[in-house]
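Summary of structural features
Listed below are the residues making up each chain.
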Amino acid sequence: MSLLPVLRYPTVTELTSSARALAAQQPGLCALRQVGLSRAGRPLHLLSVGHARRAVLVVAGAHANEPTGGPTLLALAERVLHERELRTGTSWHFLLCADPDGASLHVTPAPRSLLEYHLGFFRPAGPEQPEWSPAVLPPDRLPPETRALTRVIDELRPYLQVTLHGTDLGGSWVQLTRDIPGLAEPFAKSAAQLHIPVETGASDAAGWPASGPGVHVMPDPGADVAYPSMPDDARHSTWYHAHRYGGLTAVVEVPMWASDLVDDPAPHPAPAAAIRRLAVRLQRDAREVEQVLAEALPRLEGDEGPLLRAAKWALELVPGLASDWTHVPPADTTMAYVGSVDAFARRLPLRAAAMLRRVLQESDDHAAPRLEQLVETWSDAFAVRFGARWVPLEHQVEHQSRTVVAAALHAREGAA
């Protein structure tokens, strides 16, 4: 697959236009249809390539702040169209954006720095995230985006669902709901060729078994979790919905900015003490944002918008997470894992500050400049501490695309 220059992240409207053009080029092979509506009435579209009963489902846009999935999805659709062997006996289906409402609020056309990325930041509260809502809400309260996604899974019964995710700063890794033997080698080879570090100790997969560096397999339901306080459990997400049909899900993460700190398998000299210090910093930084929020809340009476809900939700996670890091033994003792936890500890208060800044700026509140200063200071410190280097967007797309294709081929062999 050639490396085509990708200059910026497309909007959902642009994704839909490109998908419609692909479908028009090959009307006998492709189809674009609406499969649901968001809470705000925005359409959810599914692009299908091929007619075989055996199916792969690729989902983009589940997290608004992870925009690489959109261009990756288009690149994959074009590749499947041009490489007959990929669709021999297999149909491919692409959900263009699982959360179009969230995508409308996160502003990342072509960020040049972590600061610019955070000035337009939005990530919904957990109950409003399409893939995660089943982990925190009862079935009768699931958002329409979640119900649309599960309907698509029920219809297609995919042997593989791939959901395209990303991280702001760090490395690439894969999360699997069941192992795909043989995936680790092409994943590692692609990352090395494109100079993308492999996040071998991803905090998102803390304590999970690995089938290879950066390829993490989710533990069985009922197994202990590394962070008991976290309200959402991946094993109750839509990722597991494919299991009822014998399928599995692969979550492919790729960074916007790379850091070698998350790709160091050497043992940390004192991991427990280091993580306790990170817990102290997390609480301190969160308090700075909470103080601004408490002081501004009386002036925000009546504002119950998604930005404010998301900022509050991020802050609500801090006490439990800090307690986990203080009292639960580390799930991993490598330099990579401590580096990943360090990044996690920076993200929560930074994201809360970024979203609250947008709320206050929109209401012309006098506290907005204080938060802007925090966002600038923390973004710069994050980039410096981790030696952030931009991953060209075409490399993000290429690595994610290669990993999806490798997962589909290896999972198909296992399902045969």
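Report follows, based on the coordinates. It should be emphasised that the depicted structure is a prediction, and the values quoted were computed from it without experimental measurement.

Side note on the nonpolar core
Y227, L282, L321, W325, L348, L356 and L360 are the most contacted members of the largest nonpolar core, which totals 65 residues. Those elements giving two or more residues to this core turn out to be helix 5 (114–119), strand 9 (248–258), helix 9 (271–296), helix 10 (306–327), helix 11 (335–362), helix 12 (368–385) and helix 13 (393–415). Examining the composition of this core, we find that 15 residues originate from one element, helix 11, more than from any other. Contact partners of L321, with chain neighbours within four places excluded, come to Y227, S229, M230, L282, F344 and L348.

Topic: empty space enclosed by the protein
For the coordinates displayed, the defined rule picks out two cavities of 30 Å³ or more. Estimates place the volume of the largest cavity at around 60 Å³. Taken together, A226, Y227, I275, D324, W325, V328, P329, P330, A331 and Y337 make up the full set of residues lining the largest cavity. Tallied by class, the residues present in the lining of the largest cavity amount to nine nonpolar, no polar and one charged. Computed from the structure, the second largest cavity encloses a volume of approximately 30 Å³. Surrounding the second largest cavity, V12, T16, P43, L44, H45, L96 and C97 form its lining. Every element with two or more residues in the lining of the second largest cavity is listed here: helix 1 (12–25) and strand 2 (43–49). Per-element accounting of the lining of the second largest cavity gives the leading share, three residues, to strand 2. A per-class count over the lining of the second largest cavity returns five nonpolar, two polar and no charged.

Regarding the pattern of salt bridges
On inspection of all chains with the given rule, the structure shows 20 salt bridges. Linking R284 and D285 is a salt bridge whose minimum nitrogen-to-oxygen distance equals 3.3 Å. Taking relative accessible area as the criterion, R284 reaches 43% and is therefore assigned partly exposed.

As for the state of the cysteines
Counted under the stated rule, the structure contains zero disulfides. As a non-bridged cysteine, C30 has C97 as the owner of its nearest cysteine sulfur, 20 Å distant.

Structural notes on the layout of surface pockets
By volume, the second largest pocket is sized at about 530 Å³. Taken together, 28 residues make up the lining of the second largest pocket; nearest its centre are P10, T11, V12, A103 and S104. The dominant element in the lining of the second largest pocket, judged by the number of residues it contributes, is helix 1, at four residues. Tallied by class, the residues present in the lining of the second largest pocket amount to 15 nonpolar, 11 polar and two charged.

Observations concerning the packing of aromatic side chains
Using the criterion set out here, one finds nine aromatic pairs in the structure. Ring centres 6.2 Å apart and planes at 70° place the aromatic pair Y117 and W257 in the edge-to-face group. Residue Y117 is found in helix 5, and its partner W257 is found in strand 9; the two are separated by 140 residues along the sequence. Taken as a pair, Y117 and W257 share a single burial class, namely buried. For the pair F382 and F386, a centre-to-centre distance of 5.3 Å together with 85° between the ring planes defines the contact as edge-to-face. For the pair F382 and F386, one class covers both residues: buried. Through pairs of rings, three or more aromatic residues link up here, namely Y117, F121, W257 and W390. Of note, R385 hangs over the ring of F386, and the distance from its end group to the ring centre comes to 5.8 Å.

Here is what the cut-offs are and how they apply
Residues numbered from 1 in each chain as written. Predicted model: local features only at pLDDT ≥ 70, side-chain atom pairs only at ≥ 80, totals over all residues. Heavy atoms only, no water. Core = buried A, V, L, I, M, F, W, Y, C linked by side-chain atoms within 4.5 Å. Buried < 20%, exposed > 50% of the residue type's maximum accessible area, 1.4 Å probe, protein only. Helix = DSSP H or I, 4+ residues; strand = E, 2+ residues; numbered from the N terminus. Contact = heavy atoms within 4.5 Å. 1 Å grid on protein atoms, 1.4 Å probe; cavity = no way out; pocket = protein on both sides within 12 Å on 5 of 7 lines; lining within 4 Å. Points joined across faces, edges and corners; volume = space filled by probe spheres on them. Nonpolar A, V, L, I, M, F, W, Y, C, P; charged D, E, K, R; others polar. Salt bridge = Lys/Arg side-chain N within 4 Å of Asp/Glu carboxyl O. Disulfide = S-S within 2.5 Å. Phe/Tyr/Trp six-rings, centres within 6.5 Å; stacked < 30°, edge-to-face > 60°. Lys NZ or Arg CZ within 6 Å of the ring centre and 35° of its normal.

Geometric values such as these leave the question of function open.
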